[in-house]
Amino acid sequence: MATDMIPPAHAPDFLAANGWGGAQILPLAGDASFRRYFRVRDGARCAVLMDAPPPHEDPRPFVAVARWLAARDFAAPAILAADEARGLILLEDFGDRRMREAVDADAAALVPLYEAAVDVLIALRRYPAEELRPYDRAELHREAEVLTEWFCPAVGLSVDAAGYRAAWDTVFDRVATDAPVTVLRDYHAENLMLVGDGDRLGLLDFQDALAGHPAYDLVSLLQDARRDVEPAIEDAMLRRYRAATGEGDAFLDAYHVLGAQRNAKIVGVFTRLWKRDGKPRYAGLCPRVWAYLERDLTHPVLAPVARWFDANIPPELRGDPLLLSGDRA
């Protein structure tokens, strides 16, 4: 077992104190953060152990949002036990059936599952946002600037950082909202589980939720950094969402602004995961994210941002930062 997937030493005591003494603890997954996940087996019972160790992680937001979602009949995993001080949370086990594998394996499932995922977001916006930090202009800027902080230096570019911020500032008014929703922030096919008979989508990875514009999670789903979403599917799901909610062109503007902002952030974050955290596989996802970003930049509302990209990042340097840097180490 890789050393980073060895359960924390205090996990057996935590499990024993909560009725799972002697259970097996099996590695399940890590992610792009310090969080790790283990499957806990005790006879016919299964659960998932989240290890979110302080000070790097704070499990309390996950617990709060999970309970908020469950109280509104969304399929968030039940919290079976929690030691928030030590970062251990025992969760309901949704199994291994992710939307990602389901749509990749069965073309007939693709449209119905994307429709179901869109319908979750349509339902979510019916509720006032949980008491969360706002997804405000400062946060949007901070995230967008991860690209200039990490990707640009990695590929040898010295860019106009002040101009980058100014360009974004001209478009962020488009994503202001008087009716914020609970934005889960990482809503995509690898974080959606087929639970029960597959008639519900289980929600994961929402510990970073904020109160913001409803277009954000939609763009997270339809411009998925980890799998290709065809433009025809994106367009069809956008039409479905807008037909159900009555959203007009202003929503479409916000969708593309948030798409460009999110994709710029992800290019920077994936570069940082390679350069700082030693996870080179994330660099290889950047070409897909660049393709989404360039598609968003063609939307007229993003003309100031598109001009900055044209002036500062040549097309041939919009790709895998590891390969573009020549660094194979």
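Above this note sits the structure.
Thresholds applied
Residues numbered from 1 in each chain as written. Predicted model: local features only at pLDDT ≥ 70, side-chain atom pairs only at ≥ 80, totals over all residues. Heavy atoms only, no water. Pairing = 2+ DSSP bridges. Helix = DSSP H or I, 4+ residues; strand = E, 2+ residues; numbered from the N terminus. Polar contact = N/O pair within 3.5 Å; in protein donor to acceptor, adjacent residues only side chain to side chain. Contact = heavy atoms within 4.5 Å. Buried < 20%, exposed > 50% of the residue type's maximum accessible area, 1.4 Å probe, protein only. Arc of directions from axis to C-beta.

Undergrad: Is there a simple way to think about the pairing of strand β4 (residues 79–83) in this case?
TA: The side chains of a regular strand alternate, residue by residue, between the two faces of the sheet. Bridging between β4 and strand β5 (residues 88–92) involves 4 bridges; their strand directions are antiparallel. Considered in β5, the bridge of A82 is made with I89. The antiparallel pairing of β4 with β5 creates a hairpin that spans 4 residues between the two strands, and G87 there sits at a positive phi of about 75 degrees.

Undergrad: Teacher, can you tell me more about the side chain of R262 here?
TA: Inspection of the secondary structure puts R262 in helix α10 (residues 249–275). Within the structure, the side chain of R262 is placed 3.0 Å from the side chain of Y216, a separation counted as a polar contact. Within the structure, the side chain of R262 is placed 3.2 Å from the side chain of S220, a separation counted as a polar contact. Excluding anything up to four places from it in sequence, R262 contacts R185, D186, H188, Y216, V219 and S220.

Undergrad: Sorry if this is basic, but what is going on with helix α12 (residues 303–312) here?
TA: An α-helical turn contains 3.6 residues, so any two residues separated by three or four positions project in the same direction. All of the buried residues in α12 are V305, A306, W308, F309 and N312. With its buried residues spanning 155 degrees around the axis, α12 presents them on a single face. Among the exposed residues of α12, those oriented more than 90 degrees off its buried face are R307, D310 and A311. As for α12, its buried residues are in contact with α6 (146–154), α7 (161–169) and α11 (286–297).

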